[in-house]
Amino acid sequence: MAKILFLITAADHWTLADGFEQPAGFWAEEAIGPYGVFKKAGYEISAATPGGIPPTADPLSLTPDFNGGEEGAERMKTALHEATELTNPVRIEDVNIDDYDAVFVPGGWGPMEDLSDDPAAGRLLSDWLASGKLVTLVCHGPAALLSTVDADGKSPFAGYRLTGLSNSEEIQNGLADRAKWLLEDRLVADVGADYRKGEENFAPHIEVDRTLITGQRRPGAGPRRWWRGCSSGRRWRGC
């Protein structure tokens, strides 16, 4: 049985340049969507967070506005409650990558707060890439790749083609002018990535480069097609 590790933020806020702590965490649908797909495919799931702290779902991601109404919001809350593997994480330092087939990093503003500069996350993702196993991230999740930059300013993900939430999408989100930094900028400047984005904001866009799979944005059909297509085989060869 294939086993998937969810590497999830433990942050419950995102600190903006003016010091305001924007309530945040992981984006519920970006975790629960693939969780449900992987479970249906028969995969075993575990989770890891900084410090082994139970992760927090971004409150916005649980509202009717982002779940198609009140019924959708209740279904999301129920699904989160039932996804016990995600609410009982281990410390990142305690993960043995030999036990897993792939790692998945959901987004939300939380990864911008902690996974972006977490040394344990950086070592884990660097080792995972070197192992030849799949590394998958979506939306703000690629912020975790910033933690792979070493003291010499080098990342093993340099030159990889990838995507993630774009500057223009963060501007539309309404907080770009208050952010300390923007994800697209740092993926290019710090990681040295070959960043690509879709032609239209908030539309599905996926990049696959060797064993790295990234999705630009959460709304629905694009990432969901990716999760379903990529869960079709033990090595996700359909991606």
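Before any of the text, the structure's been laid out above.
First, a word on what this report is: a plain description of the structure on this page. (Residues numbered from 1 in each chain as written. Predicted model: local features only at pLDDT ≥ 70, side-chain atom pairs only at ≥ 80, totals over all residues. Heavy atoms only, no water.)

Let us look at the pairing of strand β10 (residues 206-209). Burial along β10 is one-sided: E207 and D209 are buried, and none of I206 and V208, which face the opposite way, are. Pairing analysis gives 4 bridges linking β10 to strand β11 (residues 212-215), with the strands arranged antiparallel. Along β11, the bridge assignment pairs I206 with G215. (Buried < 20%, exposed > 50% of the residue type's maximum accessible area, 1.4 Å probe, protein only. Helix = DSSP H or I, 4+ residues; strand = E, 2+ residues; numbered from the N terminus. Pairing = 2+ DSSP bridges.)

Once that is clear, we can look at the sheet that holds β10. Strand order across the open sheet formed by 7 strands is β5-β4-β1-β6-β7-β11-β10, with mixed pairing between neighbours. What marks the edges here is a single partner per strand, and that holds for β5 (90-91) and β10. By the bridge criterion, 4 bridges tie strand β7 (residues 134-138) to β11 in an arrangement that is parallel. Bridging from a neighbouring strand, L137 pairs with T214 of β11. Strands β1 (3-7), β4 (44-49), β6 (102-105) and β7 of the sheet are contacted by helix α1 (residues 28-40), whose axis makes an angle of about 175 degrees with β1. Contacts from helix α5 (residues 119-131) reach β1, β6 and β7, with the element oriented near 145 degrees to β1. (Contact = heavy atoms within 4.5 Å. Axes fitted to C-alpha atoms, helices over the stretch in contact; angles between N-to-C directions.)

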